[in-house]
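Each chain, letter by letter, is given below.
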Amino acid sequence: MSADLDAVLDGAHILPVLTVRQPAAAASLADALAAGGARCAEVTFRTPDAEQALRVMAAHGGLAVGAGTVVTPEQAERAVAAGARFVVSPGYDEDVVAKCRELGVPVVPGIASATELMRALRDGLETVKLFPAESIGGLGTLRALAAPFPRVRFVPTGGIGAAELAGYLAVPAVLAVGGSWMATTALLESGDYAQIRRLTAEAVAVAAASVAARSAP
Ligand code: 3PG
């Protein structure tokens, strides 16, 4: 499953998390993210129009678009029908995981403890979302959880901003960092796509430098 997600993310180390309230804005948003260098994005199933926004963004072509905040198998089905290439959940739910398997789509369940992580591993999942990362101890918790589970890849998300990005990506166990700081609700509501593009470009540059530094001698 993690290999599939790796392939979908295609080397992306940032995952913009989007809560879209106006599906009419989805195309401009996809343009701004792609212009900033993002390769993927997660559209959360928290708004009535999330499915439509996902459909528009998935059709854009420049981004691998997944669905977030998927908490039921039925949402996973709708997300995949709308074009989701991966599914993210805030927690661990066997039924959501089973449905994603049936649909053949990579799933990234949320975990916040070693117990939840072990449940994911038991079900054959080696890539998990650490959520809500900052509230449960941030980097210290991430390092402590990564140590006993060397095969696991993490997508820390929740409360992370530009200032924390490099710290998380310095940890080799981090596959990608997720967050809404590049396209906040305020930026989406004001339609400030230039700023979304700038923040995305900054994050992409920081991510590239941080990941390159991991392998530096
Ligand atoms: C999520 O759904 O992944 C989080 O709400 C994103 O967290 P953030 O808004 O704190 O970045």
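Everything below is about the structure printed above this text.
Enquirer: Please clarify how the site of the ligand should be interpreted in this entry.
Expert: As a matter of local geometry, the ligand sits amid V17, R46, K129, F131, T157, G158, G159, G179 and S180. R46 places a polar side-chain atom, nitrogen or oxygen, 2.3 Å from an oxygen atom of the ligand. Considered on its own, the ligand offers 310 Å² of accessible surface; in the complex 81% of this is hidden by protein. Here the residues of the shell around the ligand are counted per class, giving two nonpolar, five polar and two charged.

Enquirer: Mind showing me how you'd approach the side chain of S89 here?
Expert: With respect to the element layout, S89 can be found in the loop between β4 (87-88) and α5 (94-103). On the accessibility criterion, S89 (4% relative accessible area) is buried. Polar side-chain contacts of S89 include one of 3.3 Å to the backbone oxygen of G91. If we skip the residues at most four places from it in the chain, S89 touches V70, V71, V108, P109, G110 and K129.

Enquirer: Would you take a moment to explain the pairing of strand β7 (residues 127-130) for this structure?
Expert: When a strand is regular, its side chains alternate between the sheet's two faces. Every second residue of β7 is oriented toward a common face, with T127 and K129 on one face and V128 and L130 on the other, all of them buried. One ladder, built from two bridges, connects strand β6 (residues 110-111) with β7; its direction is parallel. Counted as the bridge partner of G110 is K129 from β7. Where the polypeptide runs from β6 across helix α6 (residues 114-122) and back to β7, its parallel neighbour, the crossover connection is right-handed. Where β7 meets strand β8 (residues 153-156), four bridges bridge the pair, whose relative direction is parallel. Note that in β8 the partner of V128 across the bridge is F154.

How each quantity is defined
- Residues numbered from 1 in each chain as written.
- Predicted model: local features only at pLDDT ≥ 70, side-chain atom pairs only at ≥ 80, totals over all residues.
- Heavy atoms only, no water.
- Near = heavy atom within 4 Å.
- Polar contact = N/O pair within 3.5 Å; in protein donor to acceptor, adjacent residues only side chain to side chain.
- Areas by Shrake-Rupley, 256 points an atom, 1.4 Å probe, with all protein chains shown as cover.
- Nonpolar A, V, L, I, M, F, W, Y, C, P; charged D, E, K, R; others polar.
- Helix = DSSP H or I, 4+ residues; strand = E, 2+ residues; numbered from the N terminus.
- Buried < 20%, exposed > 50% of the residue type's maximum accessible area, 1.4 Å probe, protein only.
- Contact = heavy atoms within 4.5 Å.
- Pairing = 2+ DSSP bridges.
- Right-handed = clockwise from strand over helix to strand, strands pointing away.

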